[in-house]
Amino acid sequence: MPTKEKIVLIIRGFFRTNLLTVLAVFGVLAGIAFGFILRAVKKDWSQREVVYVRFIGDLFLRMLKVLILPLIIASLVSAIGSLDLTTSGRIGVRATAFYMVTTFCAVFLGIILVIIIRPGTGGERNRELEGLKVRNVTTPDTLMDLIRNMLPPNIVQAMLEQYQTNVIYPGNDSIRKYSS
């Protein structure tokens, strides 16, 4: 029969080797519990309250997305570095050919669909909002935009775009979109 010290050592060893997995499972369970608690506290949420709660999940997903590209590139460089020169040359030629063929197919299909569907024609424009350049911004919206811009989902996209929150007026549950 194992002694108390042996059991403690076994548990410590388990947590040392599997700490990340245990924390991930704990995080998922805590998220599920938090969701049920929020649902039980209040049944009907206004659109603004949903935006505030969704903000935390949006930040988490942005952090995950920003990690994807560097991890893929690092694993590709590592895999190609372990190959010999002839094998990596053949794989490179095949990958380039595959990329060119799929790009050509996508461009060809896109042109055909634009000719057939003619997007943007036939719809009525809302003339009232065309000349309106005013955007009423609240302080929480500005802070959320600032934090969102600090955590871009894609590094290249962060250099090209800026995110802005659609304004939801505190006394009104409807979303109003204005261009800035």
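In this text the structure is predicted, and so the values were computed from the model without any measurement.

Attention shifts here to the overall build of the protein. A count of helices and strands for the protein gives six helices and two strands. Going residue by residue from the N terminus, the α and β elements of the protein occur as α-α-α-α-α-α-β-β. Residues counted as buried form 10% of the 180 residues belonging to the protein. Taking contacts inside the protein between residues at least 6 apart in sequence as the whole, the part at least 24 apart equals 64%. Per element, the accessible surface of the protein, about 15,200 Å² overall, is 70% carbon and sulfur.

Right, let's get into the packing of aromatic side chains. How two aromatic rings sit relative to each other is set out by the distance from centre to centre and by the angle between their planes. Counted under the stated rule, the structure contains two aromatic pairs. Their ring planes at 75° and their centres at 5.5 Å tell us that Phe14 and Phe15 sit as a pair that is edge-to-face. Among the residues examined, Phe15 registers a relative accessible area of 38% and is labelled partly exposed. On the numbers, 6.1 Å between centres and 15° between planes, the contact of Phe104 with Phe108 is stacked. Taken together, the residues span about one helical turn, with Phe104 and Phe108 both in helix H3 (residues 85-117) at a distance of four residues.

To continue, consider a nonpolar patch on the surface. Nonpolar side chains collect at one region of the surface, where Phe104, Phe108, Leu109, Ile112, Leu113, Ile116 and Ile117 lie side by side and expose about 730 Å² of accessible area between them. On the secondary structure map, Ile117 appears in helix H3. Of the residues examined, Ile117 reaches a relative accessible area of 57% and is grouped as exposed.

Looking now at unusual backbone geometry. Its identity as a non-glycine residue notwithstanding, Arg118 has a phi of 55°, on the positive side. Assignment of secondary structure puts Arg118 in the loop between H3 and helix H4 (127-130). Of the residues examined, Arg118 reaches a relative accessible area of 56% and is grouped as exposed.

Applying the stated criterion across every chain, the model contains five salt bridges. A salt bridge links Glu49 to Lys42, with the nearest nitrogen and oxygen atoms 2.7 Å apart. Linking Arg62 and Asp58 is a salt bridge whose minimum nitrogen-to-oxygen distance equals 3.5 Å. Placement of the pair is Arg62 and Asp58 together in helix H2 (residues 47-81), with a separation of four residues, close to one helical turn. A relative accessible area of 10% places Arg62 in the buried class. Overlapping salt bridges, with partners in common, bring together Asp58, Arg62, Asp145 and Arg148 in one network.

So, about the confidence of the model for the protein. Low pLDDT marks stretches whose predicted atomic positions should not be read closely. Looking at the protein, the pLDDT average stands at 82 and 81% of residues meet or exceed 70. Across residues 173-180 the pLDDT falls below 50, and counting only partners more than four positions away or on other chains, this stretch makes 20 contacts in the model.

Time to look at helix H1 (residues 4-41). The terminal C-alpha atoms of H1, which comprises 38 residues, lie only 43 Å apart, well short of the 56 Å expected from a rise of 1.5 Å per residue. Asn18 marks where H1 bends most, by close to 80°.

Conventions used here
All residue numbers refer to positions counted from 1 along the written sequence of the respective chain. The predicted nature of this model means local features are confined to residues of pLDDT at least 70 and side-chain atom pairs, given and counted, to a pLDDT of 80 or more, with totals for whole chains, interfaces and linings taken over all residues. Hydrogens are left out, water is left out, and the side-chain values use all remaining heavy atoms of the structure. The secondary structure listing takes helices from DSSP runs of H or I that are at least 4 residues long and strands from runs of E that are at least 2 residues long, numbered from the N terminus. Three exposure classes are used, based on accessible area relative to the maximum for each residue type with a 1.4 Å probe and protein chains only: buried under 20%, partly exposed in between, and exposed over 50%. We call two residues in contact when some of their heavy atoms are within 4.5 Å. Accessible surface is estimated by sampling points in the Shrake-Rupley manner with a 1.4 Å probe; for residues, cover comes only from the protein chains shown. Stacked, edge-to-face and tilted are the three classes for Phe, Tyr and Trp ring pairs, Trp counted by its six-membered ring, which pair at centre distances within 6.5 Å; planes under 30 degrees apart are stacked, over 60 edge-to-face, the rest tilted. Each patch is built from salt-bridge-free residues with over 30% relative accessible area, joining like charges within 9 Å and nonpolar side chains (Val, Leu, Ile, Met, Phe, Trp, Tyr) within 5 Å. What makes a salt bridge here is a side-chain nitrogen of Lys or Arg within 4 Å of a carboxyl oxygen of Asp or Glu, nothing more. The predictor attaches a confidence to each residue, called pLDDT, with possible values from 0 through 100. Expected helix span is given by 1.5 Å per residue-to-residue step, counting one fewer step than there are residues. We define the bend at each residue as the angle formed by axes fitted to the 7 residues ending at it and the 7 residues starting at it.

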